[in-house]
Amino acid sequence: MTREIFLLQLGTGGVGRALVAQVQAQRALLAERYGFTLHYLALVDRGGAVHTGQALDDQTIQTALVVKESRQPLAALAGGRALDDWRTLLPTSACIIIDVTAAAGMETGLAEAVAAGHRVVLANKRPLTGTLTDFTRLTARSATRYEATVGAGLPVIATLQTLLDSGDTLSRIEASMSGTLGYLCSALEDGQSLSAAVGTARSRGWTEPDPRDDLSGADVTRKALILARTSGLNWELSAVPSEPWFPSELADITVDAFMERTPEMDRHYQELVAQARANNRRLRYVATVTPEGASVGLRELPPEHPLAALRGTDNLFSFTTGRYSEQPLVVRGPGAGVEVTAAGVFGDIVATARELTGDR
Ligand SMILES: NC(=O)c1ccc[n+]([C@@H]2O[C@H](COP(=O)([O-])OP(=O)(O)OC[C@H]3O[C@@H](n4cnc5c(N)ncnc54)[C@H](OP(=O)(O)O)[C@@H]3O)[C@@H](O)[C@H]2O)c1
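Residues numbered from 1 in each chain as written. Predicted model: local features only at pLDDT ≥ 70, side-chain atom pairs only at ≥ 80, totals over all residues. Heavy atoms only, no water.

## A short note on the overall build of the protein chain
Here comes step 1: The number of helices and strands found in the protein chain is 12 helices and 12 strands.
Here comes step 2: Its C-alpha atoms give the protein chain a radius of gyration of 21 Å, within 12% of the compact-globule value 21 Å for 360 residues.
Here comes step 3: Its C-alpha atoms give the protein chain principal-axis dimensions of roughly 65 × 50 × 35 Å.
Here comes step 4: Taking all 360 residues of the protein chain together, the buried fraction comes to 52%.
Here comes step 5: In the protein chain, of all internal contacts separated by at least 6 residues, the share reaching a separation of at least 24 is 67%.
Here comes step 6: Once the 34 positive and 41 negative side-chain charges of the protein chain are each reduced to a mean point, those two points are 2 Å apart. (Helix = DSSP H or I, 4+ residues; strand = E, 2+ residues; numbered from the N terminus. Rg over C-alpha atoms; globule rule 2.2 N^0.38 Å. Buried < 20%, exposed > 50% of the residue type's maximum accessible area, 1.4 Å probe, protein only. Contact = heavy atoms within 4.5 Å. Lys, Arg positive; Asp, Glu negative; His and termini not counted. Charge placed at Lys NZ, Arg CZ, Asp CG, Glu CD.)

## With respect to the packing of aromatic side chains
Here comes step 1: One pass over the full model with this rule turns up 6 aromatic pairs.
Here comes step 2: On the basis of an interplanar angle of 15 degrees and a centroid distance of 5.3 Å, the ring pair of Trp-245 and Tyr-269 is categorised as stacked. Of this pair, Trp-245 sits in the loop between α9 (218-230) and α10 (255-261) while Tyr-269 sits in helix α11 (residues 266-278), and the two are 24 residues apart along the sequence.
Here comes step 3: The class for Trp-245 is buried, based on a relative accessible area of 4%.
Here comes step 4: The class for Tyr-269 is buried, based on a relative accessible area of 4%.
Here comes step 5: Seen in terms of ring centroids, Trp-245 and Tyr-285 are 5.7 Å apart; in terms of plane orientation they differ by 35 degrees. Their pairing is tilted. Of this pair, Trp-245 sits in the loop between α9 and α10 while Tyr-285 sits in strand β9 (residues 282-290), placing them 40 residues apart in sequence.
Here comes step 6: Of the residues examined, Tyr-285 reaches a relative accessible area of 4% and is grouped as buried.
Here comes step 7: An aromatic cluster of at least three residues, connected via ring pairs, comprises Trp-245, Tyr-269 and Tyr-285. (Phe/Tyr/Trp six-rings, centres within 6.5 Å; stacked < 30°, edge-to-face > 60°.)

## Overview of the site of the ligand
Here comes step 1: Around the ligand there are 20 residues in total, and Thr-12, Val-15, Lys-68, Thr-101 and Gly-337 lie nearest to it.
Here comes step 2: In the environment of the ligand, an oxygen atom lies 2.9 Å from a nitrogen or oxygen atom belonging to the backbone of Thr-12.
Here comes step 3: In the model, an oxygen atom of the ligand is placed 3.3 Å from a nitrogen or oxygen of the Lys-125 side chain.
Here comes step 4: For the ligand, the protein covers 71% of the area, taking 910 Å² as the surface of the free molecule. (Near = heavy atom within 4 Å. Polar contact = N/O pair within 3.5 Å; in protein donor to acceptor, adjacent residues only side chain to side chain. Areas by Shrake-Rupley, 256 points an atom, 1.4 Å probe, with all protein chains shown as cover.)

## Observations regarding the packing of helix α6 (residues 179-189) against helix α7 (residues 194-203)
Here comes step 1: Contact pair α6 / α7: the axes reach a minimum separation of 9 Å and the direction vectors enclose 135 degrees. One finds that α6 runs oblique with respect to α7. The element α6 and its partner α7 pack so that their crossing is right-handed. Here Tyr-183, Leu-184, Ala-187 and Leu-188 of α6 lie close against α7, whose contacting residues are Leu-194, Ala-197, Val-198, Thr-200 and Ala-201.
Here comes step 2: Looking at the contact of α6 with α7 residue by residue, the classes come out as 8 nonpolar, 1 polar and no charged. (Axes fitted to C-alpha atoms, helices over the stretch in contact; angles between N-to-C directions. Parallel < 35°, antiparallel > 145°, perpendicular 65-115°, else oblique. Left-handed = near helix turned anticlockwise from the far one by under 90°. Nonpolar A, V, L, I, M, F, W, Y, C, P; charged D, E, K, R; others polar.)

## Remarks on helix α12 (residues 338-356)
Here comes step 1: Under the 1.5 Å per step criterion, the end-to-end length of α12 is 27 Å for 19 residues, consistent within 8% with the ideal 27 Å.
Here comes step 2: All buried positions along α12 are accounted for by Thr-341, Ala-342, Gly-344, Val-345, Phe-346, Asp-348, Ile-349, Val-350, Ala-351, Thr-352 and Ala-353.
Here comes step 3: Each element contacted by the buried residues of α12 is listed here: β1 (3-10), α1 (14-34), β2 (36-44), β5 (96-99), β6 (119-122) and β7 (144-145).
Here comes step 4: The first or second residue beyond α12 is Gly-358, which carries a positive phi of 70 degrees. (Expected span 1.5 Å × (residues − 1).)

## Overview of the pairing of β9
Here comes step 1: Taken across its 9 residues, β9 has 8 buried, putting it largely inside the fold.
Here comes step 2: With 9 bridges connecting them, β9 and strand β10 (residues 293-301) associate as antiparallel partners. Within the sheet, the bridge partner assigned to Thr-290 lies in β10 and is Gly-293.
Here comes step 3: In this antiparallel pair of consecutive strands, β9 and β10, the connection spans 2 residues. (Pairing = 2+ DSSP bridges.)

## A short note on the pattern of salt bridges
Here comes step 1: As enumerated under the stated definition, the model contains 20 salt bridges in all.
Here comes step 2: The shortest N-O distance in the salt bridge between Lys-68 and Asp-45 comes to 2.8 Å. With Lys-68 in helix α2 (residues 58-69) and Asp-45 in the loop between β2 and β3 (48-51), this residue pair connects regions lying 23 residues apart in the sequence. Exposure class is identical for Lys-68 and Asp-45. Each is buried.
Here comes step 3: In this structure, Glu-271 engages Arg-267 in a salt bridge whose closest nitrogen and oxygen atoms are separated by 3.4 Å. In this pair, Glu-271 and Arg-267 are both assigned in helix α11, 4 residues apart and thus about one turn of the helix distant.
Here comes step 4: Relative accessible area serves as the criterion here: at 45%, Glu-271 is assigned to the partly exposed category.
Here comes step 5: Salt bridges sharing partners connect three or more residues here, namely Glu-189, Asp-190, Arg-284 and Arg-311. (Salt bridge = Lys/Arg side-chain N within 4 Å of Asp/Glu carboxyl O.)

## Quick look at α7
Here comes step 1: What α7 keeps buried is the set Leu-194, Ser-195, Ala-197, Val-198 and Ala-201. Projected down its long axis, α7 shows its buried positions confined to an angular sector of 165 degrees, all on one face.
Here comes step 2: Residues of α7 that are buried in the fold lie against α6, α8 (212-215), α10 and α11.
Here comes step 3: Gly-205 lies just past α7 and shows a positive phi near 75 degrees. (Arc of directions from axis to C-beta.)

Okay, structure coming up:
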């Protein structure tokens, strides 16, 4: 007999839709392997939900995917409805809430759900990067898993937790964890101007619609804080200063005006690249976390540094610890993309379902 595990998914964007498709494709195999069946109880978007109070059938799920693919709201679907508060959909027995939104302000509802015995899986970084109190409420007793928040599908959080759980001590994490900023570093190294590289990255959809959301370093800062907090460092976001790529006078203008003025930064970056080359060093946008502090910014690295070999949009995480002191433990690979991110979330769902069913 298989146990039923109910999923309540917040977010049906790129990652959310890829996740639904992966879960649907893998359900039968997981039931056979682990003795539980995953059922969608609800799919939620910014204004509505598909929810009947029972497991959604395959046809309804398929239609919801098609509706969201064509950018319509779930409320427009037969069986869909407008929704003010997803918490009203929570069942009485423990379910798994999946946050694959990028929304702010989710932490209160998620923490309440955890307190009521539900489990949480996140691709959304924001619930973990608010106050330390919220982080602790969410992650106490491993009620929340969040592998996909850092490095997408790469086993970054799992690696760090395994090192620390087994008694290793952290000396330093160094990471390049923005595909966009990694691409810019490679392009600069190849002789492109910053303005041309930003223009190319934006036209290929590798930046946020406003490239300053990437160039501010804020996303990297949030990931660095998640790594720090996972390491037991009880810091607030202000403890991880980041260096934006653009001067403050370009911070508050329109996106179009910003794009027009990016050539103003070209000379500065040409000089930085030339200086790094003269020093036989490579320029990388690096997040560093040590027990003493953290930083996020452009750094000159010697050619033998693991991050110096990185090219393009790949992420790389280098863990130097008591046991990995001579050579760091390195995790490297694509750190973005809807399929790999959804797979990271899915891995957390399976681990949580196995716990809920007493399989581990
Ligand atoms: N894409 C990647 O490669 C990648 C990699 C690592 C991590 N992530 C993280 O994964 C998350 C999802 O990324 P994505 O690319 O799928 O984003 P997306 O395509 O923009 O989708 C976001 C989804 O969240 C929904 N949403 C927004 N606010 C909501 C709210 N308050 N309540 C319920 N639903 C809400 C949106 O609803 P509507 O459909 O109504 O707009 C949309 O369905 C983000 O946190 C992102 O940082 C993404």
